[in-house]
Structures are given as C-alpha cells and as structure tokens.
Amino acid sequence: MEKPLISDSQFLDLVTSLKECGSAVLAFSGGVDSSFLLAVMKTAQMRILAVTAISETMPRQDKDASTALAGELEVEHRFIHTGELQSESFVRNTPDRCYFCKDELFRNLQAIAKEEGFQHVFDGSNSDDMTDYRPGRRAALLHAVRSPLAEQGLSKDRIRALSRELGLKNWDRPSSPCLSSRIPYGRRITAEALRRVGQAEEFIVSLGIREARVRDYEECARIEVNEDDMHVLLNPTNRRIITEKLRSLGYHFVSMDLEGYRSGNMNRVLEDGNKARVSS
C-alpha cells in the first residue's frame, strides 16, 4: 500500500526513530494504535513481524481486523496462542489482572525476537496511556518492550488523525479491549463468561450500535452504549430481541446503564486512594 507523504514533524520524527531501530516484533492487535505503528514501521522500511495473540479473552472481530490490516500492508503476520485462563493469577481478576496477561505476551514476543534475530519488541501504547493506570505497563518495562508512539508523544487523537491521512481504513475504529474487562474485579474469569459477553456485544452491535459493552454480573447483564445510541436499545422491538438473545446466553436480567458507555467504568469500585483508571 503506497502512503502519501506526511510533513507532520511528529510523524517524521517517528519514521526517523524507527529507521534507526532496524527490526522489531510488534504486539499487533489490529486496533488503531498498533495498526498505525505497523504502517509507519513499513514506511521506515524496517524488518517487521506483526504478532497477534489469540485467546478466549480476544473479541472475535479483532482476529479478522488484524488479518485484514496486515494483508493490506503486506507485512509478515503471525498468530500465537496465549493461555491466560490457565493462570490462577489472571483468573482471580484482581485490579492488576492485565499485568499477568501482558507478562505472558511479552515473554513470548521476546523469545521470538531473540530466536529470529529481531532487535526490538514494540507495543502500540500511546502518550495518553502513560498517564493512565495500566498494569500491563509494568510487564512492558520488565521485558524491555518499547512503545514508539508514546516515546514520540503521540496521543490517541493525533494517531487517529495521522491514520486517516495515511489512508488506514480503521482510523476511526472503536477501542476493543480484552473481554475480561467486562467482568467485575474479584469475580473469577471463566471461558463461559467471556464467550457470552462476546456474543452479546456482537449481537448488540449488529443492530447498528457503534460501540457497546456488556458488563457481566453472572445473572445480570448491564449494557453500556453511547448516549446517541440509547434510543436504539430502547426501541420496543430491539428491547425485546436483545432481552431474548441475552437470556438465551444465560443472563436472567438485562439492564441498561443510564449514564452510558465510558472507558474504565468498572473501576469506580476501586478505593479512592488507588484509583486505577484501567481502560476497559
């Protein structure tokens, strides 16, 4: 895919920095940030391996998104399987849950980099992430994973704007965090809960809603959508079919959060002194 020349100084500095890196394995989710970084790595003519982790925690559409983008950019792309649900530390679902997931991922990526002669391991963290509580950052530091977008001070909004200039089709794609973020802290994460959350969200989005979260409280599903989409949920026909669908997945009660969707909604239960605003 040919890229138009972008004269933005941050973009040019990023290209220069990446050229100096030479080669890297990228933790590639198919989301906006890692897709943009992958495209710029291609522009910088790096030796690249994009690696996407597959597990029960991954929204199904992310696999298709990563495959499509890597194919469009014509870069080497590989899937690996990670076993978060085999980790007791992960399934206990404490507020630092993400650390254990990223620890396994980055350990695997560093092993690939060492075995196949790549100089670095990258992730797609941006500058906004550096001011947020993200336990996965500890794992990145532990495994010497670099975050080139954050290093250049690129925010999520700037990345979206530059992605649009590059012609990346997913420049405005909604965030798609791991499905375990839908389960309240302290309740064990199970494959069954992840499955029904994923299916419930897919169904709600299929009704024309851009972004939805289904928070799983065992018997009860709490649906969050943006305020502009609430009328879609409240349409009498949609109310009925959503309720029927979610009951078929095992929920006894279906509710809607009147405040609407906000990233990090599950974290309000955390103590004030330790407010962890983990993006979810």
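Rules used in this analysis
- Residues numbered from 1 in each chain as written.
- Predicted model: local features only at pLDDT ≥ 70, side-chain atom pairs only at ≥ 80, totals over all residues.
- Heavy atoms only, no water.
- Pairing = 2+ DSSP bridges.
- Helix = DSSP H or I, 4+ residues; strand = E, 2+ residues; numbered from the N terminus.
- Axes fitted to C-alpha atoms, helices over the stretch in contact; angles between N-to-C directions.
- Contact = heavy atoms within 4.5 Å.
- Buried < 20%, exposed > 50% of the residue type's maximum accessible area, 1.4 Å probe, protein only.
- UniProt positions renumbered as here; feature names shortened; annotations may be inferred.
- Salt bridge = Lys/Arg side-chain N within 4 Å of Asp/Glu carboxyl O.
- Right-handed = clockwise from strand over helix to strand, strands pointing away.
- Core = buried A, V, L, I, M, F, W, Y, C linked by side-chain atoms within 4.5 Å.

For the rest of this paragraph, the subject is the sheet that holds strand β7 (residues 253-256). Reading across from one edge, β5-β6-β7 is the order of the three strands in this open sheet, with mixed pairing throughout. The open sheet has two free edges, formed respectively by β5 (212-217) and β7, since each of these has just one partner strand. Taken over all neighbouring pairs, the strand axes of this sheet differ in orientation by 25 degrees on average, direction set aside. Bridge analysis of strand β6 (residues 220-225) against β7 gives four bridges, and the strand direction is parallel. Bridged to Ala221 within β7 is Val254. The strands touched by helix α9 (residues 191-205) are β5 and β6; relative to β5, the strand with the most contacts, the crossing angle is about 145 degrees.

Attention shifts here to the environment of Leu249. The topology assignment puts Leu249 in the loop between α11 (236-248) and β7. A relative accessible area of 8% places Leu249 in the buried class. With 183 residues separating them along the chain, Leu249 and Ser66 place their C-alpha atoms 27 Å apart. Apart from residues no more than four positions distant in its own chain, Leu249 is found in contact with Glu192, Arg195, Arg196, Gln199 and Ala200.

The UniProt feature table records "active site" (unreviewed entry) at Cys178. Within the secondary structure layout, Cys178 lies in the loop between α8 (156-166) and α9.

Counting across every chain of the model gives 20 salt bridges. Note that Glu76 is salt-bridged to Arg78, the shortest N-O span being 3.4 Å. When its relative accessible area of 25% is taken as the criterion, Arg78 is described as partly exposed.

Bringing the sheet that holds strand β3 (residues 77-81) into the picture now. As summarised here, the arrangement of the four strands in space is β3-β2-β1-β4, forming an open sheet in which the pairing is parallel. Two strands close off the open sheet at either side, each with one partner strand: β3 and β4 (120-122). Averaged over all neighbouring strand pairs, the angle between strand axes comes to 30 degrees, with direction disregarded. Where strand β2 (residues 47-54) lies against β3, five bridges are found, and the strand directions are parallel. Bridging across to β3, Ile54 finds its partner in His81.

Turning our attention to the pairing of strand β1 (residues 23-27). Counting buried positions along β1 yields five of five residues, so the element is predominantly enclosed. Two elements, β1 and β2, share five bridges in a ladder whose sense is parallel. Along β2, the bridge assignment pairs Leu26 with Ala50. Once you follow β1 into helix α2 (residues 32-43) and on to β2, the crossover reads as right-handed. With three bridges connecting them, β1 and β4 associate as parallel partners. Following the sheet pairing, Leu26 is matched in β4 by Phe122.

Moving on, we get to the nonpolar core. Leu18, Phe36, Leu38, Met41, Met46 and Phe122 are the most contacted members of the largest nonpolar core, which totals 31 residues. Broken down by secondary-structure element, the contributors of at least two residues to this core are α1 (9-21), β1, α2, β2, α3 (60-73) and α8. With seven residues, the top contributor of residues to this core is α2. Other than its neighbours up to four places away in sequence, Leu18 contacts Leu37, Val40, Met41, Ala44, Met46, Phe122 and Pro148.

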